[in-house]
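Take a look at the letters that make up each chain.
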Amino acid sequence: MKARRVRVEVNLQELDQIIDRGRQAPLSESDGQKLKAALHAMAERLSSNRSTEKTRAVLEQPQASARTQQAQTSIESHPAGHGRHSAAAFTGAAKIAVSHATLKSGDTCPECLRGKVYQQKQPATRIRIIGRAPLEATVYEMERLRCNACGQIFTAEQPQAAGPDKYDATAVAMIALLKYGTGTPFNRLEKLQHQLGMPLPATTQWDLTEAAAQRFRPALEELIRQAAQGGVMHNDDTGMRILHLAREPGDKRTGTFTSGIVSIVGARTIALFFTGSKHAGENIAEVLKKRARELSPPIQMCDALARNVPKLAGVEVLLANCLAHGRRQIVDVAENFPEECRYVLETLRDVYHHDAIAREQSLSPEERLHFHQKHSGPLMKALHDWMESQFRERKTEPNSGLGKAISYLLNHWAKLTLFLEHPGVPIDNNIVERSLKKAILNRKNALFYKSLNGAAVGDLFMSLIHTCELNERNPFDYLTELQRHAEELKRSPSEWMPWNYRETLARLATLAAA
């Protein structure tokens, strides 16, 4: 077990006071020890050789000194990422400008009566968050008047805000986002809406999303076409259950899966989901059928399972395997072989550290390749020599847990280290592993799809929603606008992708105003 850190009260103000006292007189023993502990802890945290959180979770690290533990605790009392969200993070919030009650820019300062006040670039902010139902209803009560002589009834006109349809485009977008974006089952949302006094039956939710999916089909088909042109394609699958699945004649397979494909097309990232009896390799082969013939074979990143590889005549890929999967083989046996596994994990940690540096510096694919060859190449070669020596010198039994893990790495070494041979090759398949959490969350909460049609609707919405997320676009706004411009989408789907639909809307608004 990890050693529990002792918490002490040390903050920057106290350290400043210690330094100020040191200018006037020699430091006391306690002040000197406290300052030294803080400096040692900061130096350790800044060191590039520190182990990652995952490595610490796998292997017990050597005990740190009491002084280092104390200072680490004090420095980590406010971990990164755990503070409040700034006002800038609330991109979807309404913005209300509040002017000063008595002053405006250019007025004389009421404090000193000499200078003038001018507006600051950044205003003071206050955030107010209120609770509402996921879907709200408004009942319009149009007054009715009846003549007591002829019986004629006169009804007030329906206000324009009532709209032509009972369910607005925003309502359908919210239902789809809750179900396929956050894993909220239809019956759970039905219960919540009932508790809030605004009923929304699960069957109605399904009818609305199914109808919207039919209108969104051109957008999905265009996403698939563009994804096929990607330079790097990740794929994997996870199990899924479909209650009523009619299989093709002669198909003896019993499993059903959701395959995830993430394609990198220049600066854009496209996520696709396919649910059915086909494996990830079969689904990526179907996508690659739409690839332009003049393009070179894409880089395909997946784990070493044969079912992830496309087996189709005329479909060629540059196959790379996931280093994280190879690392996982070592993690699984680390408890029984701690020292040997420590060497492997720390070597891979440094390789990942180099990849993070390349990403932070926004290196081009060629620059990243040369950087890895210079810094990660020697590490991986030393690791390969070490693993071979484990068998050659009979330090590790091939049939042991560690031996099997080493054999996995050696057997797939060329594909695991392809990032050292070709520009643009990723080192792992984690991006599609994270994407598949969408399907896994839906499976966990809803348990199954009722039919293949239901699975197709889920695949469509998860593809659109997650592609928006990967490209930092608002999926709620995107789904809403697709509904409002379904006819335009049908005519020109390429103009209604998550990364350019806003420009299309602006162009339509300009044409309408002309």
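For the structure, see preceding data.
These figures come from a predicted structure and were not determined experimentally.

About the criteria used
- Residues numbered from 1 in each chain as written.
- Predicted model: local features only at pLDDT ≥ 70, side-chain atom pairs only at ≥ 80, totals over all residues.
- Heavy atoms only, no water.
- Helix = DSSP H or I, 4+ residues; strand = E, 2+ residues; numbered from the N terminus.
- Buried < 20%, exposed > 50% of the residue type's maximum accessible area, 1.4 Å probe, protein only.
- Contact = heavy atoms within 4.5 Å.
- Areas by Shrake-Rupley, 256 points an atom, 1.4 Å probe, with all protein chains shown as cover.
- Pairing = 2+ DSSP bridges.
- Polar contact = N/O pair within 3.5 Å; in protein donor to acceptor, adjacent residues only side chain to side chain.
- Axes fitted to C-alpha atoms, helices over the stretch in contact; angles between N-to-C directions.
- Core = buried A, V, L, I, M, F, W, Y, C linked by side-chain atoms within 4.5 Å.
- Phe/Tyr/Trp six-rings, centres within 6.5 Å; stacked < 30°, edge-to-face > 60°.
- Salt bridge = Lys/Arg side-chain N within 4 Å of Asp/Glu carboxyl O.
- Patch = residues over 30% accessible without salt bridge, like charges linked within 9 Å, V, L, I, M, F, W, Y side chains within 5 Å.

Caption draft 1: Summary view of the overall build of the protein chain. From N to C terminus, the protein chain includes 20 helices and nine strands. Residues classed as buried in the protein chain amount to 39% of the 514 residues present. Look at the contacts in the protein chain between residues 6 or more apart in sequence, and 67% of them connect residues 24 or more apart. If you sum the accessible surface of the protein chain, you get close to 31,700 Å²; carbon and sulfur atoms cover 52% of it.

Caption draft 2: Broad picture of the pairing of strand β6 (residues 268–276). Where burial is concerned, most of β6 is hidden: eight out of the nine residues are buried. Looking at chain direction, strand β5 (residues 257–265) and β6 are connected through nine bridges and run antiparallel. Paired with Ile261 across the strands is Leu272, a residue of β6.

Caption draft 3: Molecular detail of the environment of Asp303. Among the secondary structure elements, Asp303 is positioned in the loop between β7 (299–302) and β8 (318–321). Separated by 67 residues in the primary sequence, Asp303 and Asp236 place their C-alpha atoms 7.5 Å from one another. Those residues within four positions of Asp303 in sequence are excluded, and the remaining contacts are Asp236, Asn308, Asn321, Cys322, His325 and Asn429. Engagement of the side chain of Asp303 in a polar contact is seen with the side chain of Asn308, the distance being 2.6 Å.

Caption draft 4: Expanded view of the sheet that holds β8. Taking strand neighbours across the sheet as the criterion, the five strands line up as β6-β5-β3-β7-β8 in an open arrangement whose pairing is mixed. Among the strands making up the open sheet, the edge pair consists of β6 and β8. Along the sheet, successive strands turn relative to each other by an average axial angle of 20 degrees, direction set aside. Packed on one face of the sheet, helix α8 (residues 280–288) meets β3 (232–239), β5, β6 and β7 and runs near 140 degrees to β3.

Caption draft 5: Up close: the side chain of Asn308. Mapped onto the elements of the fold, Asn308 is located in the loop between β7 and β8. The exposure class of Asn308 is buried, given its relative accessible area of 0%. Dropping the residues within four chain positions of it, Asn308 is found in contact with Asn235, Asp236, Asp237, Ala280, Gly281, Ile284, Gln300, Cys302 and Asp303.

Caption draft 6: Summary view of the nonpolar core. Core analysis: the biggest nonpolar cluster contains 58 residues, and Leu272, Phe461, Leu464, Tyr478 and Leu479 have the highest contact counts within it. Take this core: its biggest share by element is nine residues, from helix α7 (residues 202–227). The contact partners of Leu479, leaving out residues within four places of it in the chain, are Ala173, Ala176, Phe216, Phe461, Leu464 and Ile465. Residues Ile299, Leu383, Ala405 and Leu416 belong to the second largest nonpolar core, which totals 30 residues.

Caption draft 7: Structural detail: helix α13 (residues 401–411). Of all the positions in α13, only Leu402, Gly403, Ala405, Ile406, Tyr408 and Leu409 are classed as buried. Residues of α13 that are buried in the fold lie against α9 (323–332), α10 (338–360), α12 (377–392) and α14 (413–416).

Caption draft 8: Highlighting the packing of aromatic side chains. Considering all chains together, one arrives at five aromatic pairs under this definition. The interplanar angle of 5 degrees and the centroid separation of 5.5 Å between the aromatic rings of Tyr180 and Phe461 together place this pair among those described as stacked. Taken together, the positions of Tyr180 in helix α5 (residues 169–182) and Phe461 in helix α17 (residues 452–470) put the pair 281 residues apart, joining distant regions of the chain. Judged by its relative accessible area of 3%, Tyr180 falls in the buried class. Among the aromatic residues, those joined into a ring-pair cluster are Tyr180, Phe186, Phe216 and Phe461.

Caption draft 9: A look at the pattern of salt bridges. Applying the stated criterion across every chain, the model contains 17 salt bridges. A salt bridge links Glu487 to Lys490; the nearest nitrogen and oxygen atoms lie 3.9 Å apart. Of the two residues, Glu487 and Lys490 are both situated in helix α19 (residues 486–491); the distance of three residues between them amounts to about one turn of the helix. Given the relative accessible area of 48%, Glu487 is considered partly exposed. Looking at Lys490, the relative accessible area reads 55%, which means it is exposed. The closest approach of N and O atoms between Arg507 and Glu495, which form a salt bridge, is 2.9 Å. With Arg507 in helix α20 (residues 501–513) and Glu495 in the loop between α19 and α20, this residue pair connects regions lying 12 residues apart in the sequence. Accessibility expressed as a relative area gives 38% for Arg507, which makes it partly exposed. On the accessibility criterion, Glu495 (32% relative accessible area) is partly exposed. Salt bridges sharing partners connect three or more residues here, namely Asp168, Glu481 and Arg484.

Caption draft 10: Spotlight on unusual backbone geometry. Even without glycine at this site, Leu113 takes up a positive phi of about 60 degrees. Within the secondary structure, Leu113 is located in the loop between α4 (66–75) and β1 (144–146). When its relative accessible area of 64% is taken as the criterion, Leu113 is described as exposed. A positive phi angle, near 55 degrees, is found at Arg394, a position not held by glycine. Its location among the elements puts Arg394 in the loop between α12 and α13.

Caption draft 11: Main features of a nonpolar patch on the surface. Where nonpolar side chains cluster on the molecular surface, the patch consists of Leu243, Leu447 and Phe448 and spans about 260 Å² of accessible area. With respect to the helices and strands, the residue Leu243 is situated in strand β4 (residues 242–244).

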